[in-house]
Amino acid sequence: MKVVIVGGAGGIGSSLAYNLLRTDTPYDVVLVDSRPNMITSHVMDLQDVLAFGGARSVRGGEPHDALDADVVVLSAAVPLRLNASRSVFLAENAALLDGIVDPLVAAGWGGILMVLTNPVDALLTRLQQRTGLDPRRIIGYTVNDGLRMRTGVARALDARPQDVETWVLGEHGEAQVPLYSRVRLRGEPVVLTDAQRAVADEYMTTWYSRHVALDSGRTSTWSSGAGAAALVEAVATGSGEPWPASVVLTGQYGIDGVGIGVPVRLGPGGVEEVLEWDLADEERSALRHASERVRAAAASIGEPAADVAVAAGTGTGAR
């Protein structure tokens, strides 16, 4: 399987490449970025990682390498800056993604597109609307929301995150929908007290603002790289394991034409199945609210100018 990572010189792109090379799947990984020296530096380092895993190759490439890729991962983004919401990057990152995706569509490319660039749901929705790509072939990255909920719930329960199972649906942003009705500890359902839920909520809902306030210039490099590699693995192997992902729905959960986070099964065709779970009334209502918020954001983008300065992969991808 050929995986092209656009924004491969950045923290998330290079972390994704590293995690792919540590699997047993025979990937051919290609890093594409506007910074050739950074690409060369990463590739020199990553080539020695091949000894640890089953991947076949890693190299630098050019945008045209995406034309025959099985999976194209978009981690490119405009440079990060202090902000209060991922939505401030909407128009600029839309212009950036247009320049990457339009040539693929024009060439009749038939692979899987994985979007890590934020705000992922609105960008995903707009990409599908303007290109007509099969919604099953566009996957938005939202795994980090569930990881942060796991950490928050683990703190509330004085447990290990590995022992906690949680799900966050909806928008990757302010309208996220944590499913407290589906929390499990060591495989068993658990109901959090109000105090415990407050601990989990505080950790999860403030993570982004606390991280941005550090002004470190970096995104969620390690978690995003590991999570995105897990999604690529799910596509490559068709394991059938459920994952959270932003996908453009076609009537599921009463939502049509909007990309939001839902549970899915992935495989070589992309989104093999959207799982429609029974949700609590407040969760279902929150999910629909999130979809309308994303719909409005996608509609607001229009056709931005294409001359956006890019430091691919170092900005607002997958935070």
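The structure we're discussing is the one just above.
Residues numbered from 1 in each chain as written. Predicted model: local features only at pLDDT ≥ 70, side-chain atom pairs only at ≥ 80, totals over all residues. Heavy atoms only, no water.

*Asks:* Would you mind going over the packing of helix α5 (residues 143-157) against helix α6 (residues 194-213) in detail, with residue names and values included?
*Replies:* For the pair α5 and α6, the least separation of the axes is 8 Å and the interaxial angle reads 145°. Crossing geometry of α5 relative to α6 is assigned as right-handed. Note on element contacts: α6 touches α5 through Q196, V199, A200, Y203, M204 and W207, opposite D145, R148, M149, T151, G152, V153, R155, A156 and L157. (Axes fitted to C-alpha atoms, helices over the stretch in contact; angles between N-to-C directions. Helix = DSSP H or I, 4+ residues; strand = E, 2+ residues; numbered from the N terminus. Left-handed = near helix turned anticlockwise from the far one by under 90°. Contact = heavy atoms within 4.5 Å.)

*Asks:* I'd love a proper account of the packing of aromatic side chains, names of residues and values included.
*Replies:* In this structure the tally under the stated criterion is 1 aromatic pair. Summarising the aromatic geometry, the rings of W167 and W277 are spaced 4.8 Å apart at their centres and angled 90° between planes, so their arrangement reads as edge-to-face. Taken together, the residues span a long stretch of sequence, with W167 in the loop between β7 (164-165) and β8 (168-170) and W277 in the loop between β14 (270-274) and α8 (281-299) at a distance of 110 residues. In terms of burial, W167 and W277 fall into one category: buried. (Phe/Tyr/Trp six-rings, centres within 6.5 Å; stacked < 30°, edge-to-face > 60°. Buried < 20%, exposed > 50% of the residue type's maximum accessible area, 1.4 Å probe, protein only.)

*Asks:* How would you sum up the packing of helix α4 (residues 120-131) against α8? Please name residues and give values.
*Replies:* In contact at an axis separation of 8 Å, α4 and α8 are set at 60° when each is read in the N-to-C sense. Between α4 and α8, the angle falls in the class oblique. For the pair α4 and α8, the crossing hand works out as right-handed. Counting all contacts with α4, which are made through D121, A122, T125 and R126, the residues of α8 involved are V294, A297 and A298. A per-class count over the contact of α4 with α8 returns 4 nonpolar, 1 polar and 2 charged. (Parallel < 35°, antiparallel > 145°, perpendicular 65-115°, else oblique. Nonpolar A, V, L, I, M, F, W, Y, C, P; charged D, E, K, R; others polar.)

*Asks:* I'd like a description of the side chain of N118, backed by residues and values.
*Replies:* Structurally, N118 is set in the loop between β5 (112-115) and α4. Reaching out from N118, the side chain makes a polar contact with the backbone nitrogen of V120 at a distance of 3.2 Å. (Polar contact = N/O pair within 3.5 Å; in protein donor to acceptor, adjacent residues only side chain to side chain.)

*Asks:* Tell me about the layout of surface pockets, residues and numbers included.
*Replies:* Taken as a whole, the second largest pocket spans an internal volume of roughly 310 Å³. Lining the second largest pocket we find 20 residues, and of these L147, R150, T166, W243 and P244 sit closest to its centre. Looking at the lining of the second largest pocket, the elements with two or more residues in it are α5, β7, α7 (221-237) and β12 (242-250). Partitioning the lining of the second largest pocket into residue classes produces 9 nonpolar, 6 polar and 5 charged. (1 Å grid on protein atoms, 1.4 Å probe; cavity = no way out; pocket = protein on both sides within 12 Å on 5 of 7 lines; lining within 4 Å. Points joined across faces, edges and corners; volume = space filled by probe spheres on them.)

*Asks:* Can you break down the pairing of β12 residue by residue, with the values?
*Replies:* Regular strands place their side chains on alternate faces of the sheet. In terms of residue burial, β12 counts as a mostly covered element, since 7 of its 9 residues are buried. In this structure, β12 lies alongside strand β13 (residues 256-267), joined through 8 bridges in antiparallel fashion. Across the sheet, residue V247 finds its bridge partner in β13, namely I260. In this structure, the hairpin formed by β12 and β13 is closed by a connection of 5 residues, where G251 is found at a positive phi of approximately 110°. (Pairing = 2+ DSSP bridges.)

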